[in-house]
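Reading the structure
Below are the chains, spelled out letter by letter.
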Amino acid sequence: MALRKYIFSVDHKIVGMQYLCTGLVMAFVGGYLAYVFRHQLAWPNEPVPLFGMVGPDQYNASVTMHGTIMVFWVAMPILLSGFGNYLLPLMIGAPDMAFPRLNMMSFWTFFLSTLLLMSSFLVPGGAASGGWTSYPPLAASPGLSGVEWGGHLWILAVALEFASMLMGGINFLTTTLTMRAPGMTLFRMPILVWMLNIASLVFMFSVGPLIAGAFMLLADRLFQTGFFLPQSGGDPLLFQHLFWFFGHPEVYVLLFPALGIIAEVMTVFARKPFFGYRPLIYASLIASVLSFLVWAHHQFISGMDPRLAAPFSITTIIISVPFAVAIFSYIATLWGGSIELKTPMIFALGMLAEFLVGGVTGIFNGSAAADIYLHDTYFVVAHFHYTLFPVTFLAGFAGIYFWYPKWFGRLMNETWGKIHAVLTIISFNVTFLPLFAIGLVGHQRRIFDPSLFDYLQPFQHLHVISTWGFIILFLSQIIFVVNFIASLCYGPIATRNPWSAATLEWLAPSPPGHGNFEEPPVVHRGPYDYSLPGLTGKDWKNQTEAV
Amino acid sequence: MMLHWLPINISTYGHKIDHVILVIYLIVGIWFLLAEGILGYFIIRYHRSKGQPAIFQPGTSLRSLMWVLIPAALVLAFDIGIEVVQGPIWEEIKMNLPEKPDQTIRIRGRQFVWEITHPGPDGRLDTADDIKTFNQLTIPVHQKIVFELQAEDVIHSLWIPNLRLKQDAVPGRTIRGWFETMQTGTYPIACAELCGSGHGTMQGQLHVMDFADYQKWLAEQTPSGEGATSGTP
Amino acid sequence: MKSSVPIWRLGIWWFLGSEIVVFGGLIVCYLLYRFHHPEWASEAAHTLTWVGAVNTVVLLTSSLTMILAHHEVEHGNARSGATYLGLTILAGIIFLLLKSYEYHHEITEGFLPSRSLFWSFYFLMTALHGLHIVGGLVANVVVWSGLKRRFATHRIESVGLYWHFVDVVWIFLFPLLYLSASGGMR
């Protein structure tokens, strides 16, 4: 019975938890790999404690697998599948997902893909080492990379992971369209629900060509075809187009749910309705359409026709407008609020503040002329970590601290939560700020020993600072793990609605039982009716309260 | 604050790239400080300890939305400004090759060396006096050099920070580009695209010589087309 | 909020939407290459056009029997519905048998996937399509075996939508791979 209830469960809450926990465990794997290569970069000639000597092949493999794991096995399952599965039905007042069995299948497909990916560390030749982008011919020719099975498994695992995320996306979209509680019109849905659906749509329509590309790449590896090999008439650049046609929208697949999470958190802890709910939704929809038209800005110097730079620069400029609208709306939401800096709020504000750094530094890379110099340097590394770290971890932690009482019926320790938040945000900056500088120096990416280059030697101390920052960042997460586990048993008991929030999930018991709500909710108002004029006693109205 | 990290520039167009970086830095820097400043100010000003109740402000009226839409329109205006500055520079560097280069060289990346073919005394490629070297690129200063970039096996990326030059080398393609140096000396060459286990060791030197030294260097080489090599593989 | 579209139909449509972009991506890649390689026409001449043509007819017929099966089941005739669905399954099997014959013929003639990019595309696209036929057959058999016991119009409509989709994909593949031998696609 326990097997049915907790392992092969079709309940969206269990599936969501399974995704979330797998994602968190994989975050430690990805973090460990980061520790291996960060230590190597700071002290290139010393063995890495808990690993050993790092040669170029181990270095390339750890960088490749770090990127792959953090994007596909941490950010995706936590933000989209974890929060999405658990919260989406609750927030629209549904008893479960539209296709509960498909949901379970989605997780187990994901789990299988995880096993495949992890097994690639154990095969002869080691794990894939062609970068998380897997550019051919390197990634298409085992003879040139020295990685045989690791590469096959990488492609299979990624393709399976995509399949599982597609199943999840089908579920999200169908559930949202068909299972909303009476009165829950589209524009009464919480922002997170909108964002999960937009993300699912973007994913669904961007990933197809890359799945096709993955088949082609696998055929090149296994059957001596030459889809991406020039000696057979193939073109290596075609894969880059397929990859980034997916890869850029993928950034928004991660960003949208993160924006959704912090919208829920910020409205509650500022006691304010979201400033410009509809404009935010419209802006996100426009951005999601535009996201299909900007991909080649990752390829300015890839050897593609340089005349393409102008149109893709222009679309990149246009896409910054809806995101400017979004970011300004978030800041404006704080205006005139009554801000309480609880742990989730610190993380949410941290996400906003740090993501701004990632956003503005992207403009350097989005400008083709500046990108000639900055492309493939550590500047890019710093830039995308300033986007993806806040999105994945700061927003992720905001969500975990925020919904923990709903999930487990207990609150996490607030003091340790705050310590965790402050340590994480500070050490994150110590890790990645130096990388901007080191990138400007001209430090190219993915070299295992910077001391081999004379012009990089004077800046070695920046690597050391970054690595110490990372070690503190990594160790700070122990606080989180202990807090997470200890609070399961010792945390203060949570009421149904510990944060006085207005959305539907806070009506259900903590944790919600099977079927979620004791009686089906009927919705009468929007999701963020905080500080309505004329209220006495409490300053908010739940979505089910009559107008 | 930002530009001083860049290595010295020795190409005729490098300062334009630096200029683009500076322009973006200034524009983006002001926006960034403003946004973070307002964010920080709101957090302090509207902290609950101040004891004032929150106002109900859903931002539904067009009037209040102007607080968001006008800044967003300004962002667009500044973005267009950046594009106007950077667009022509990209065109100059990557699209408009000099019609009469002083010299054409061929650079071919393979795991894990740059194979460089200098035209030799006759100034033309694919003749008997071509000079082939590994990782050592020797050119005369103040000359417009056009390069033909190729790759043998996997994608490499020619990366010469002091020239502000980066261009991927793709198997099956010949990608042409150009540069002109302003200063003699020896500068690093690297590979900027992951190309296999030796990616981190793939490096070379750019030797920029004045014309007399270059002639002297030419005379010292074994002038032979195919198979002639010098330098260390 | 009840939607006017039933849940299962929405699910199938989302699924087909994501499938379209996979095949769409593959077809676009093929076209991009095809325009640069007019010489593929002579390669395409080695495909067994008559088998492809017969298979096109077979699949189109199977789509028709699928529609008839759905029509019958909708009107309560489970027995004749099962017959038509059985015919659809039979057509699918005939398609696969003919396809296997083709593969056999081509491979023995030396037209392996590694021979040239055209054959790489030919084998990848038809194999992916063939796998979808296999998947469709499995789903059809599951629905067929359940038809006697319960009238599930939506089950037969689901597999029907999928089957039509696989059929449509073939309608694209047939001219692209078999009929492009004339070299007229320059």
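These numbers come from a predicted model, not from an experiment.

1. Examining the domain arrangement of chain B
Residues and elements named next belong to chain B.
- We note that the domain assignment places domain 1 (3–95) and domain 2 (103–220) within chain B.
- Distance from the C-alpha centre of domain 1 to the C-alpha centre of domain 2: 38 Å.
- Counting residues at the interface gives 14 residues for domain 1 and 16 residues for domain 2.
- Of the roughly 1400 Å² buried between domain 1 and domain 2 on both sides combined, carbon and sulfur atoms contribute 51%.
- Looking at the side of domain 1 facing domain 2, the largest losses of area belong to Ile10, Thr12 and Tyr13, adding up to 47% of the total buried there.
- Here domain 1 and domain 2 share one salt bridge between them.
- Here Arg164 and Asp18 are joined by a salt bridge, their closest N and O atoms 2.7 Å apart.
- For the pair domain 1 and domain 2, the number of links is twelve residue pairs in polar contact (both at pLDDT 80 or more).

2. Quick word on the interface of chain A and chain B
- Counting from both sides, the interface comprises 90 residues of chain A and, opposite them, 77 residues of chain B.
- The largest share of the area that chain A buries against chain B comes from A:Trp335, A:Ile372 and A:Tyr373, three residues that together contribute 10% of it.
- Across the chain A-chain B interface, the total number found is 23 residue pairs in polar contact (both at pLDDT 80 or more).
- At the level of secondary structure, the elements contributing two or more residues to the side of chain A that touches chain B comprise helix H3 (56–91), helix H8 (236–270), helix H9 (277–290), helix H10 (309–334), helix H11 (343–366), helix H12 (368–374) and helix H14 (414–441) of chain A.

3. Some remarks on the pattern of salt bridges
Residues and elements named next belong to chain B.
- A full pass over the atoms with the stated rule returns 23 salt bridges over all chains.
- Notably, a salt bridge pairs Glu148 with Arg106, separated by 3.1 Å at the nearest N-O pair. Of this pair, Glu148 sits in strand E5 (residues 144–151) while Arg106 is found in strand E1 (residues 103–110), placing the two residues 42 residues apart along the sequence.
- Looking at Glu148, the relative accessible area reads 15%, which means it is buried.
- The exposure class assigned to Arg106 is buried, which follows from its relative accessible area of 16%.
- The shortest N-O distance in the salt bridge between Glu180 and Lys144 comes to 3.2 Å.

4. Structural notes on the packing of aromatic side chains
All names here are of chain A.
- Summed over all chains, the structure comprises 94 aromatic pairs over all chains.
- Centre to centre, the rings of Phe203 and Phe246 are 5.9 Å apart; their planes meet at 75°, and the pair counts as edge-to-face. Remark: Phe246 occurs in helix H8 and Phe203 occurs in helix H7 (residues 191–222); sequence separation between them is 43 residues. When sorted by exposure, Phe203 lands in the same class as Phe246, which is buried.
- Between Trp407 and Phe408, the aromatic rings sit 6.3 Å apart at their centres with planes inclined by 85°, giving edge-to-face as the arrangement.
- On the accessibility criterion, Trp407 (5% relative accessible area) is buried.
- Lying across the ring of Trp540, Lys538 places its NZ or CZ 4.1 Å from the centre.

5. Details of the state of the cysteines
- In total, this model carries zero disulfides over all chains according to the counting rule given.
- For the unlinked cysteine A:Cys21, the closest cysteine sulfur is that of A:Cys489, found at 14 Å.
- Unpaired in terms of disulfides, B:Cys191 finds its nearest cysteine sulfur in B:Cys195, a separation of 3.9 Å.
- Note on B:Cys191: relative accessible area 0%, which makes it buried.

What counts, and where the lines are drawn
- Residues numbered from 1 in each chain as written.
- Chains lettered and ligands numbered in written order.
- Predicted model: local features only at pLDDT ≥ 70, side-chain atom pairs only at ≥ 80, totals over all residues.
- Heavy atoms only, no water.
- Domains from an automatic or database assignment.
- Contact = heavy atoms within 4.5 Å.
- Buried area = accessible area lost by both parts, 1.4 Å probe.
- Salt bridge = Lys/Arg side-chain N within 4 Å of Asp/Glu carboxyl O.
- Polar contact = N/O pair within 3.5 Å; in protein donor to acceptor, adjacent residues only side chain to side chain.
- Helix = DSSP H or I, 4+ residues; strand = E, 2+ residues; numbered from the N terminus.
- Buried < 20%, exposed > 50% of the residue type's maximum accessible area, 1.4 Å probe, protein only.
- Phe/Tyr/Trp six-rings, centres within 6.5 Å; stacked < 30°, edge-to-face > 60°.
- Lys NZ or Arg CZ within 6 Å of the ring centre and 35° of its normal.
- Disulfide = S-S within 2.5 Å.

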